Amino acid sequence: MLARVRSVVLEGMIARPVLVEVDVSNGLPAFDLVGLPATAVREARERVRTAIRNSGFSFPLHRITVNLAPAHVRKEGTVLDIPIALGVLSATGQVNLQRYISDYFVGELALDGSARPVEGILAMVYGLSKNHMNEDKTIQIWVPEANIGEASRITQLKSQAVKNLQEVIHSLQHPHEEKGRIINITKKSTHNDSRVESAYDLSQIKGQSIAKRALEITAAGGHNLLMTGPPGTGKTMLARCLPTILPPMSYQESLETTMIYSVTGGLLDDSTWITERPFRTPHHHSTMTALIGGGRTPRPGEISLAHHGVLFMDEWPEFTRELLDALRQPLEDGEVTISRQGGTYTFPSKFILVAAMNPCPCGYLGAEDDQECNCTPYAIERYKHRISGPLWDRMDIQVKVTRPKYESLRQKEGPEESSAQMRERVMIARERQLERLLPYEKKNKVFCNAHLDAELLEKTCILEKEAEQLLEMAYKQFHLSGRGLHRLIKVARTIADLRGAETISSIDLAEAIQYRL
């Protein structure tokens, strides 16, 4: 007898519907899986066999063939345990799935028949909702109980919690009984704008007015920031304060970021929705796979985990040249593409890059105090050349962080400006950008100045006559590249937004120029 059960697997971040076909026929007892299953999927045979028996059902002593269609898609993970078990029980007449041919089933089975959580549920449910968005019929997906909070974030599908195999069979055989674990929540309840209080605040940093101004522009426009200065001047502290002045995440930003963490297994606890912007700090000894993503089965790396947040790279020149150059494409495209023999995987990686470095190996080149640099000119040049020219060109704002004076550290006259105060100005500037970009939203999906393409740059960044003359002079005198010129205009546009101006003045442009020298 033949049975069919719908399920879904992930290929990178993309949900691929899978049809589990189970045939039970006469012959020597065997349990074969075909359809390009990975090792974890092939091991489902023993889990399913034992779970069925320990759940009080009979496992057939016949020839069982399970086909996972489409056969050209590689199936990874343990999400197919429950649909395979249901297919076996349906093919042997122990359960009738005729009423549920359009439902999807996912989940791992323990040996006692209980359902265990799996990774990537949110991405699966979101992908299925897109596939069925034009259908009138409501689609239902059955997921492990531990994943129900994550699955129910997508309101276009009904989410049914599964505690164990016995409960699934009981629900299928008694469809008119109340399904107490079907959960639907509204989009409004999925997103909470309240901010978690951070341990870091700009009011804790004394002085550093120039660096704080650069931080404000970075947050307002989503620009990349490079801080150079001696050790102990507060570069790391400034970077950690950046998330505290960024605007709250929108629903779509939270959804995209949460899906990435879902795929990596970062949501297998009580937290099923990310509302705080990520702040990732990879070590300079990180591997290419850890930073960019990859592996035998490609998974998101640090640059994807920082999506819609901040990627802070301390001791920037200590990263290998290969790692740093790998950032160039994600910084331009907002996504990273990883190619393997089995296919091509794309992960989102739209982040603010904040880098910190010393001016030389010893860290005291150009120090304003009596500390002298003991590095040779060759060592200094070699240290700076660890960063390639194209990567320097992608850093919109480059600021020097100097050692603060004693008076500013010990001042007691009035408090420093807090993160909350600066965030208010940042949010007003972001609102101006959203209002200006609203007519182009459907086509371009751009929400801040840093992501403007050449077309939007021409339409939204209007320079006054004096500013245009200054721009031409800067382009010729400082030998800017075309990319550098565009990034300069974007920073000037953000500075104009912070002061509430519709056009870019020469003052705005002059400030932007000083951040690239």
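Residue numbers run consecutively from 1 along every chain, following the written order of its sequence. Note on the predicted model: pLDDT of at least 70 is required for a residue's local features to be given, and 80 or more for side-chain atom pairs to be given and counted; whole-chain, interface and lining totals, by contrast, use all residues. Side-chain measures were taken over the full set of non-hydrogen atoms in the model, leaving aside hydrogen atoms and water.

An unreviewed UniProt entry lists the protein under the name YifB family Mg chelatase-like AAA ATPase, from Heliorestis acidaminivorans. UniProt positions are given in the numbering used here, feature names are shortened, and annotations may be inferred rather than shown by experiment. The record in UniProt for the protein states the following under Sequence similarities (unreviewed entry): "Belongs to the Mg-chelatase subunits D/I family. ComM subfamily."

On to the nonpolar core, then. If you look at the biggest cluster of nonpolar residues, it comprises 98 residues, and the most contacted ones within it are Leu86 and Trp316. Annotation comment: domain bounds sourced from an automatic or database domain assignment. Split by domain, the residues of this core number at least three in each of domain 1 (2-174) and domain 2 (202-440). Remark: nonpolar core denotes a set of buried residues (Ala, Val, Leu, Ile, Met, Phe, Trp, Tyr, Cys) joined through side-chain atoms within 4.5 Å. Buried residues are those whose accessible area, probed at 1.4 Å on protein chains only, stays under 20% of the maximum for their type, while exposed residues exceed 50% and partly exposed ones sit between those limits.

This part is about the pairing of strand E15 (residues 310-313). Each helix corresponds to a stretch of at least 4 residues labelled H or I by DSSP, and each strand to a stretch of at least 2 residues labelled E; elements are numbered beginning at the N terminus. Here E15 shows a buried face lined by Val310 and Phe312 and a second buried face lined by Leu311 and Met313. One ladder, built from 2 bridges, connects strand E12 (residues 279-280) with E15; its direction is parallel. Bridged to phenylalanine 279 within E15 is valine 310. Summarising the sheet, E15 and strand E18 (residues 352-357) pair through 4 bridges and their orientation is parallel. Counted as the bridge partner of leucine 311 is leucine 353 from E18. We treat two strands as partners when DSSP finds at least two bridges between them.

Turning to the sheet that holds E12, a few remarks are in order. Reading across from one edge, E12-E15-E18-E11-E19 is the order of the 5 strands in this open sheet, with parallel pairing throughout. The two strands at the open ends of the sheet, each matched to only one other strand, are E12 and strand E19 (397-400). Relative to E19, strand E11 (residues 225-228) is paired through 4 bridges, and the arrangement is parallel. Counterpart to methionine 227 in the pairing with E19 is valine 399.

Attention now goes to the packing of aromatic side chains. Any two rings among Phe, Tyr and Trp, with Trp reduced to its six-membered ring, count as a pair given centres within 6.5 Å; such a pair is stacked if its planes are under 30 degrees apart, edge-to-face if over 60, and tilted if neither. Under the criterion given, the structure shown has 6 aromatic pairs. Geometrically, the ring pair formed by phenylalanine 31 and phenylalanine 59 is tilted, given 5.7 Å between the ring centres and 40 degrees between the ring planes. Of the two residues, phenylalanine 31 sits in strand E3 (residues 30-34) while phenylalanine 59 sits in the loop between helix H2 (44-54) and strand E4 (63-69), which places them 28 residues apart along the sequence. You can call phenylalanine 31 buried: its relative accessible area is 6%. Judged by relative accessible area, which is 9%, phenylalanine 59 ranks as buried. An aromatic cluster is built from Tyr100, Phe105 and Trp142, whose rings are joined through pairwise contacts.

We now examine the pairing of strand E17 (residues 343-348). Pairing of strand E16 (residues 335-340) with E17, which is carried by 6 bridges, proceeds in the antiparallel orientation. The residue of E17 that forms the bridge with serine 339 is threonine 344. The hairpin turn running from E16 into E17, its antiparallel successor, is 2 residues long.

Before going further, it helps to examine the confidence of the model for the protein. pLDDT measures the predictor's confidence residue by residue and takes values from 0 up to 100. Here the protein averages 90 in pLDDT, while 93% of its residues score no lower than 70. When mean pLDDT is taken per element in the protein, E15 scores highest with 97 and helix H7 (residues 187-190) scores lowest with 42. Contacts between residues were defined by any pair of non-hydrogen atoms, one from each residue, lying within 4.5 Å. Ignoring residues within four places in sequence, the model shows residues 180-194, a span with pLDDT below 50, making 36 contacts including any to other chains.

Split into domains, the protein comes out as domain 1 (2-174), domain 2 (202-440) and domain 3 (452-516). Computed over C-alpha atoms, the centres of domain 1 and domain 2 are 41 Å apart. At the interface, 18 residues of domain 1 touch 20 residues of domain 2. For the domain 1 face of the interface with domain 2, the top three residues by lost area are Met13, Glu119 and Arg153, together amounting to 39%. When a carboxyl oxygen of Asp or Glu lies within 4 Å of a side-chain nitrogen of Lys or Arg, that pair is called a salt bridge. Taken together, domain 1 and domain 2 are joined by 1 salt bridge. In this structure, the salt-bridge partner of arginine 299 is glutamate 119, at a minimum N-O distance of 3.2 Å. Here a polar contact is recorded for every N or O atom pair within 3.5 Å, except that within protein the pair must consist of a potential hydrogen donor and a potential acceptor, and residues adjacent in sequence are included only if both atoms are side-chain atoms. Between domain 1 and domain 2 we count 6 residue pairs in polar contact (both at pLDDT 80 or more) in total. Once two parts are put together, the accessible area they lose, assessed with a 1.4 Å probe and summed over both, is termed the buried area.

This next bit is on the layout of surface pockets. Lining residues are those with an atom within 4 Å of a point, where the points come from a 1 Å grid over the protein atoms alone and group into cavities, where a 1.4 Å probe fits but cannot get out, or pockets, open sets with protein on both sides within 12 Å along at least five of seven lines. Grid points are joined across faces, edges and corners, and a volume is the space filled by probe spheres set on the points. The calculated volume of the largest pocket comes to roughly 1200 Å³. The element best represented in the lining of the largest pocket is helix H4 (residues 121-131), accounting for 5 residues. Residues are grouped as follows: Ala, Val, Leu, Ile, Met, Phe, Trp, Tyr, Cys and Pro are nonpolar; Asp, Glu, Lys and Arg are charged; all remaining types, including Gly, are polar. Taken together, the residues that form the lining of the largest pocket break down as 18 nonpolar, 11 polar and 11 charged. When we break the lining of the largest pocket down by domain, the ones giving at least three residues each are domain 1 (2-174) and domain 2 (202-440). Each pocket or cavity is described by its volume, and for the second largest pocket that value is around 710 Å³. If you trace the second largest pocket, you find 29 residues lining it, with Thr228, Gly229, Pro230, Leu365 and Lys400 closest to the centre. Residue assignment for the lining of the second largest pocket shows that the elements contributing at least two residues are E11, E19 and helix H17 (406-410). Among the elements that take part in the lining of the second largest pocket, E19 stands out by supplying 3 residues, more than any other.

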